[in-house]
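Residue-level structural notes
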Amino acid sequence: MAQNEKILANVLEIFRHNPKKQYQVEQIDRMLRRDRLGSFSDIVKALSFLEQEKKIITDGNGHYQLAEENTIVEGSFRANDKGFGFVKLEDEEADDIFIASDYTAYAVDGDKVRVKITAGGNPWNGKGPEGQVQEIIERSLDTLVGEFHPITDAQVKVSHFLGYVLSTNKKLHKYRVYVGENGLHPQMGDMVKVSIANYPSEDNPDSMAGVVIEIIGNKNDPGVDIMSIVSAHDVRTEWPQDAMDQANAIPDHIEPEEWDNREDITDQPAVTIDGDDSKDFDDAVVLWKLPNGNYHLGVHIADVSHYIKEKTPLDEEAFARGNSTYLVDRVIPMLPFRLSNGICSLNEDQDRLVLSCEMEFTPEGERVNYRIHSSVMRSHGRLTYNKVNQALDPDNTDELEEKYVKLWPMLQDMAELHNALYQKRHQRGAIDFEEPEAKIIVDEQGKPTDIVLHNRGTAEKMIESFMLVANETVAEDFFKKHVPFLYRVHETPDGERIKNFFEFCSAFGLDIKADPNHIKPIDLQKVVAKTMGTPEEAVVQMMMLRSLKQAHYSEEALGHFGLAAKFYTHFTSPIRRYSDLMVHRMIHAYSDQGTGKEVQQHFASYLPDVADQTSTQERVSIDTEREVNDLKMTEFMADQVGQHFDAVVSSVTSFGMFIQLPNTVEGLIHISNLNDDFYSFNEKSLTLTGRGTHKQYRVGMPIKVTLINANIEQHQLDFEVYDPNAPKHPHHDRGNNNRRRGSRGFHNDHGHRGGHNGSSRNGFRKNGNHPHFSKYKH
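Residues numbered from 1 in each chain as written. Predicted model: local features only at pLDDT ≥ 70, side-chain atom pairs only at ≥ 80, totals over all residues. Heavy atoms only, no water.

Describing the pattern of salt bridges
Using the criterion set out here, one finds 36 salt bridges in the structure. Asp 477 is the partner of Lys 481 in a salt bridge, and the nearest nitrogen-oxygen pair spans 2.7 Å. For Asp 477, a relative accessible area of 10% puts it in the buried group. Here Asp 623 and Arg 619 are joined by a salt bridge, their closest N and O atoms 3.5 Å apart. In this pair, Asp 623 and Arg 619 both sit in helix H15 (residues 597-637), 4 residues apart, roughly one turn of the helix. Looking at Asp 623, the relative accessible area reads 27%, which means it is partly exposed. (Salt bridge = Lys/Arg side-chain N within 4 Å of Asp/Glu carboxyl O. Buried < 20%, exposed > 50% of the residue type's maximum accessible area, 1.4 Å probe, protein only. Helix = DSSP H or I, 4+ residues; strand = E, 2+ residues; numbered from the N terminus.)

Let's talk about the sheet that holds strand S2 (residues 56-58)
The antiparallel open sheet is built from 3 strands, whose spatial order is S1-S3-S2. Two strands lie at the open edges of the sheet, namely strand S1 (23-24) and S2, each paired on one side alone. The pairing of S2 with strand S3 (residues 63-66) spans 3 bridges and is antiparallel. Considered in S3, the bridge of Ile 56 is made with Leu 66. Across the sheet, helix H3 (residues 40-52) is in contact with S2 and S3; its angle to S2 comes to roughly 105°. (Pairing = 2+ DSSP bridges. Contact = heavy atoms within 4.5 Å. Axes fitted to C-alpha atoms, helices over the stretch in contact; angles between N-to-C directions.)

With respect to the side chain of His 418
Mapped onto the elements of the fold, His 418 is located in helix H9 (residues 402-428). On the accessibility criterion, His 418 (6% relative accessible area) is buried. Engagement of the side chain of His 418 in a polar contact is seen with the side chain of Ser 465, the distance being 2.8 Å. Residues contacting His 418, with those up to four places away along its chain left out, are Thr 458, Lys 461, Met 462, Ser 465 and Phe 466. (Polar contact = N/O pair within 3.5 Å; in protein donor to acceptor, adjacent residues only side chain to side chain.)

Some remarks on the nonpolar core
By size, the foremost hydrophobic cluster in this structure holds 83 residues, and its most contacted members are Ile 273 and Phe 466. With 10 residues, the top contributor of residues to this core is helix H10 (residues 458-480). Grouped together as the second largest cluster of nonpolar side chains are 50 residues, Phe 433, Leu 524, Ile 659 and Leu 686 included. (Core = buried A, V, L, I, M, F, W, Y, C linked by side-chain atoms within 4.5 Å.)

Looking at the pairing of strand S33 (residues 702-711)
Of the strand pairs in this sheet, strand S27 (residues 644-653) and S33 are connected by 5 bridges, and their pairing is antiparallel. When the bridges of S33 are listed, His 644 appears paired with Thr 706. As defined by bridge partners, S33 adjoins strand S34 (residues 716-721) across 6 bridges and the pair is classed as antiparallel. By the bridge assignment for S34, Leu 707 is matched with Phe 719. Connecting S33 to the antiparallel partner S34 that follows it, the hairpin turn spans 4 residues, and His 715 within it adopts a positive phi of roughly 60°.

Looking at the pairing of strand S29 (residues 666-670)
A large share of S29 lies buried, amounting to 5 of its 5 residues. With burial as the criterion, each face of S29 is covered, one bearing Glu 666, Leu 668 and His 670 and the other bearing Gly 667 and Ile 669. Sheet topology places strand S28 (residues 656-660) next to S29; 5 bridges connect them, and they run antiparallel. Across the sheet, the residue bridging to Gly 656 is His 670, located in S29. Between the antiparallel neighbours S28 and S29 lie 5 residues, among them Thr 664 with a positive phi of about 80°.

A look at the sheet that holds strand S32 (residues 696-698)
Across the sheet, 3 strands lie side by side as S30-S31-S32; this open sheet has antiparallel pairing. Whereas interior strands pair on both sides, the edge strands pair on one side only; in this sheet they are strand S30 (679-682) and S32. The mean angle between the axes of side-by-side strands here comes to 20°, regardless of whether they run parallel or antiparallel. Where strand S31 (residues 687-690) meets S32, 3 bridges bridge the pair, whose relative direction is antiparallel. By the bridge assignment, Leu 688 is partnered in S32 with Tyr 697.

Examining the packing of aromatic side chains
Scanning all chains against the criterion turns up 17 aromatic pairs. On the numbers, 5.7 Å between centres and 45° between planes, the contact of Phe 84 with Phe 98 is tilted. In this pair, Phe 84 is assigned in the loop between strand S4 (72-79) and strand S5 (85-89) and Phe 98 in strand S6 (residues 97-99), connecting sequence segments 14 residues apart. We classify Phe 84 as buried; its relative accessible area is 16%. With relative accessibility at 27%, the residue Phe 98 sits in the partly exposed group. Considering the side-chain rings of Phe 645 and Phe 719, the 6.4 Å spacing of their centres and the 80° angle between planes classify their relative orientation as edge-to-face. Of this pair, Phe 645 sits in strand S27 while Phe 719 sits in strand S34; the two residues are 74 residues apart in sequence, bridging distant segments of the chain. Assessed through its relative accessible area of 0%, Phe 719 is described here as buried. Through a chain of ring-to-ring contacts, three or more aromatic side chains come together here, namely Phe 478, Phe 485, Tyr 487, Tyr 590, Phe 603 and Tyr 606. Positioned over the ring face of Trp 239 is Arg 321, at 3.6 Å from the centre of the ring. Its end group placed over the ring of Phe 478, Lys 481 keeps NZ or CZ at 5.0 Å from the ring centre. (Phe/Tyr/Trp six-rings, centres within 6.5 Å; stacked < 30°, edge-to-face > 60°. Lys NZ or Arg CZ within 6 Å of the ring centre and 35° of its normal.)

A few points about the confidence of the model for the protein
Averaged over every residue, the pLDDT of the protein is 88; residues scoring 70 or more account for 89%. Across residues 729-744, where pLDDT falls below 50, the model places 61 contacts with residues more than four positions away in sequence or in other chains. Below pLDDT 50 for its whole length, residues 751-778 participates in 181 contacts with residues either more than four positions away or in separate chains. (pLDDT = per-residue confidence, 0-100.)

Points about unusual backbone geometry
One can expect most non-glycine residues to show negative phi and most peptide bonds to be in trans. Look at Asn 261: it is not a glycine, yet its phi comes out positive at around 65°. By the element assignment, Asn 261 lies in the loop between helix H5 (241-249) and strand S14 (263-264). By relative accessible area, which is 81% here, Asn 261 ends up exposed. Backbone geometry places His 482, a non-glycine residue, at a positive phi of 60°. Tracing the sequence through the fold places His 482 in the loop between H10 and strand S25 (487-489).

Take a look at the structure:
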């Protein structure tokens, strides 16, 4: 090979080895000089040639990067309701690839596709890569839910069909899904589920064909709106007969032989502390002071794994569901109510089988001893958060119920230990957010009547502390046993995202002394502390959450960044989470069978599948709850069109800005409704700035708005800025009407219960990616 060709090949190899890295000429020179390849001028010539050949790109100031043209990649297609879309690659750091409407190859939202990159992204001008879908590798859409419309006499060419279905998903709304005689026969206005048989094609770009497999009910019937969302997300609501037969065969009381090999702790004054409307109780706590001045804390968790044996019908159904799903007016449980509210629930004055984690703590919150074992307990009180908070309030003058008076000394000691445990977590750097929970109140017909905000009190935080420390203790114990185990993990965030977050914070005058590439939880905790009580608090926390990764399950102990915990698992909610049920099953197996090779291989063989399934189903439930909440919040606001509200800008995009009302309801002010000027979007500062007036809108800014539209079908609220004195200048720069807002963050790992209560479209409302108030927390 000629010398210049060898230099070209080696220079190109440097770029291909690190396709996202930017190099300066001097760096490449140093790398090639080690191999005695070429002079500086030879390298400059090689770079110039490669740029001309469009193999590399440059910013014109000596920085070079590999061009992406003609690269073939695979990813997930995300459709826009305008016809174009983006392909998201598995590499989280890779830019999404823009796909124009003419080059989608009729891919449907969620399809796995193979894409040819036709224009590489340029990091120096902010332009992302563009491409063409070459092949649809795997269809993601097996079914969809929508409204049935019968065929009219005028529609002759499709007269062999009964009718068509229009999806409730706006990304699929343009497709008519024709259904024929096969399958169920719905009536006009019925909400149905369709199994897709034929997908869009060149001959039928805007239609599909399928079979009706479920008639959910008429769209105007109470509850059908929610069940349509549940069905669209494939949340299982029916119980297989063999699973129900197994559940019905389980006794509703403890049999005498079930006491064998278990400690009798029924005399301990253990109590459950939950919300007023809770029906299933999977954790109980008890505390007393030891003669040495330390605290004994017992966390006793319903032993669901005793009743749900591996590879039985109930186990298979619980695995498929992954967790319970909590909606505004109902719970779709992981286990039949006969178990979740009966023999598995730690009901007051009933003997129950539990797995116990008993721990000893110093007054400073240092754990000095612990024991994990099987027990039989009896709840000595079904306590509620509200009444425990009332009992712990020194200013309370209301009369307490007798059981709260009797248990008051223990509750006081619990509060003391909680404070010590909280300080311990805080000192190590755990990131703590405080936001009120939004609860949607609905009437018997499912109509929303109110949105109530609730701030957590000492009782909620106290139970959180106890569940956290139990989860950590169990995880650490089995990690040190060197056996296969299931962990709840939250990995260290990407340095580039943290760098962007720090740059965002600098706009608020926050000078953060931390290395984004070696970030520690305590660094972010300090950011939270700096903004606490300031107008910037909510927006800084929101942007921080978006910069964090998503918590998930893993067979590897990867640590929990948000909690600053080296070891963490889910042990405390087996009624509502399959992950916890699996953890209990392993605890029993290692205790009863030992930690030999055979039992270890057994769990190691399928733990990755459990981790994947539980992580996936958690996301399904979150998305379902989020969509139901958006629907009900839109319904709640529908009769308030034309009214004015105080709000805060929660997100700024190229097509407008999202705002949040005090009751946590969110909506969009589209850029076309900013009609007093033409506005330019600055992605780095997340601002919209008027070209003529120089008026600026930024995240966290208080604003007055008017509700101008409530689209219940699409779960969308549209607002405009309320300013009676502003001049009106019509314009048509509508921008990109894409309501998708990305969000990240460690989901649900600051609470303790199973399940959750929904979230917002940007994933930030208290019950989405925000750590508190989600029943999947921890």
